[in-house]
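# Overview (structure and organization)
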Amino acid sequence: MQVLGIDIGGSGIKGAPVDCTTGKLLDERLRIETPLPATPIAIFKTIHKLINHFKWTGNIGCGFPAVITDNIVRTASNIDKKWIGKNISKIGGKKFQNEIHFINDADAAGIAEMKFGSGANSSGLTILITVGTGIGTALFYKDKLIPNTELGHLILNGKIAEHFASDAVRKKENLSWKKWALRFNHYLNEIERLLWPDQIIIGGGMSKKTNKFLKYIDVRAKVLPASFKNEAGIIGAALAVNNFKLV
Ligand code: BGC
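## As for the pattern of salt bridges
Counted by the stated rule, this structure contains seven salt bridges. In this structure, Lys 171 and Asp 167 form a salt bridge, with 3.4 Å as the shortest nitrogen-oxygen distance. Of this pair, Lys 171 and Asp 167 both sit in helix α5 (residues 167-172), four residues apart, which is roughly one turn of that helix. Taking the relative accessible area as the measure of exposure, Lys 171 reaches 53% and is therefore exposed. The partner of Asp 167 in a salt bridge is Lys 209, with the nearest N and O atoms 3.3 Å apart. Taken together, the residues Asp 167 in helix α5 and Lys 209 in the loop between β14 (199-203) and α7 (210-213) connect sequence positions 42 residues apart. Residue Asp 167 is classed as buried on the basis of its relative accessible area of 4%. Residue Lys 209 is classed as partly exposed on the basis of its relative accessible area, which comes to 23%. Ionic contacts of the salt-bridge type, sharing partners, join the residues Asp 167, Arg 170, Lys 171 and Lys 209 into one network.

## Focus: the site of the ligand
Residues in close proximity to the ligand total 14 residues, the closest being Asn 104, Asp 105, Glu 150, His 153 and Glu 162. Residue Asn 104 places a side-chain N or O atom 3.0 Å away from an oxygen atom belonging to the ligand. When the ligand sits alone it has 310 Å² of accessible area, and the protein chains cover 95% of it. Each of domain 1 (2-107 + 231-242) and domain 2 (122-228) contributes no fewer than three residues to the shell around the ligand.

## Quick notes on unusual backbone geometry
The step from Leu 36 to Pro 37 runs through a cis peptide bond, and the omega angle for that step is -5 degrees. On the secondary structure map, Pro 37 appears in the loop between β4 (30-33) and α1 (40-54). For Asn 121, which is not a glycine, the phi torsion comes out positive at approximately 65 degrees. Following the sequence through the fold, Asn 121 ends up in the loop between α3 (105-116) and β9 (125-131). Positive phi is not limited to glycine here, since Lys 229 has a value of about 50 degrees. Here Lys 229 lies in the loop between β15 (222-225) and α8 (232-243). What makes Lys 229 partly exposed here is its relative accessible area of 34%.

## Topic: the sheet that holds strand β11 (residues 144-146)
Judged by pairing direction, the sheet is mixed, and its five strands sit side by side in the order β11-β10-β9-β14-β15 without closing on themselves. What marks the edges here is a single partner per strand, and that holds for β11 and β15. The mean angle between the axes of side-by-side strands here comes to 25 degrees, regardless of whether they run parallel or antiparallel. With five bridges connecting them, β9 and β14 associate as parallel partners. Among the inter-strand pairings, Thr 126 is bridged to a residue of β14, identified as Gln 199. Across the sheet, α3 is in contact with β9, β10 (135-141), β11 and β14; its angle to β10 comes to roughly 45 degrees. Sheet strands touched by helix α6 (residues 177-195): β9, β10 and β14. Its angle to β9, the strand with the most contacts, is close to 150 degrees.

What counts, and at which threshold
Residues numbered from 1 in each chain as written. Predicted model: local features only at pLDDT ≥ 70, side-chain atom pairs only at ≥ 80, totals over all residues. Heavy atoms only, no water. Salt bridge = Lys/Arg side-chain N within 4 Å of Asp/Glu carboxyl O. Helix = DSSP H or I, 4+ residues; strand = E, 2+ residues; numbered from the N terminus. Buried < 20%, exposed > 50% of the residue type's maximum accessible area, 1.4 Å probe, protein only. Near = heavy atom within 4 Å. Polar contact = N/O pair within 3.5 Å; in protein donor to acceptor, adjacent residues only side chain to side chain. Areas by Shrake-Rupley, 256 points an atom, 1.4 Å probe, with all protein chains shown as cover. Domains from an automatic or database assignment. Pairing = 2+ DSSP bridges. Axes fitted to C-alpha atoms, helices over the stretch in contact; angles between N-to-C directions. Contact = heavy atoms within 4.5 Å.

Geometric descriptors of this kind do not, in isolation, establish any biological role.
Now the structure itself:
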């Protein structure tokens, strides 16, 4: 089955058609800057551009950077606050001919990695951590997802973790790789102290830069880059359409 996977992030909205039996992208992905402010109208317009670009008539799966329960958007850390309380599936259903399904973006990336990537066949507790504009997390026991974990919002040194150790903070504060990695290591140690994962998969934009910082990371768990790198979010959003009863 083929699904258009879309990953809505704080700085870019990326999409590509995905073959859900293999997890492979069927076309070159398209990235469009996330509109600012990232209001519901602006984001739905961007989704429209992706649909038109791929001339897509089939199902669509979207990873979305917020907690979504019962189809309602509950948080809005890196998107416009107008999203809070909106029934995202209902609005999407009215705007598009296509069937459209939404899931938290980090959960989406986790699904791709657990099914076809670095987490495939893992037997214990896995946390995938996307590091980009924010910090997103996806928690799995074996292949079962515990949805909507927001461990990027743990408090570290009196600050929300993503305001202390995200990639956006690294760039904004012009931190050296070592300085940033020590912050991220502090964050991972806090995760480890609370959850004792067997493996930690690094996703988001940071998955492409692990050679810059893994040498500074000192945790008990195995730490691996996401094998689909930043495309995991697109692939997992598409997979979640078919599997979503399991998610
Ligand atoms: C949001 C999460 C999201 C993460 C990555 C955080 O600010 O609260 O829901 O997964 O950013 O986009």
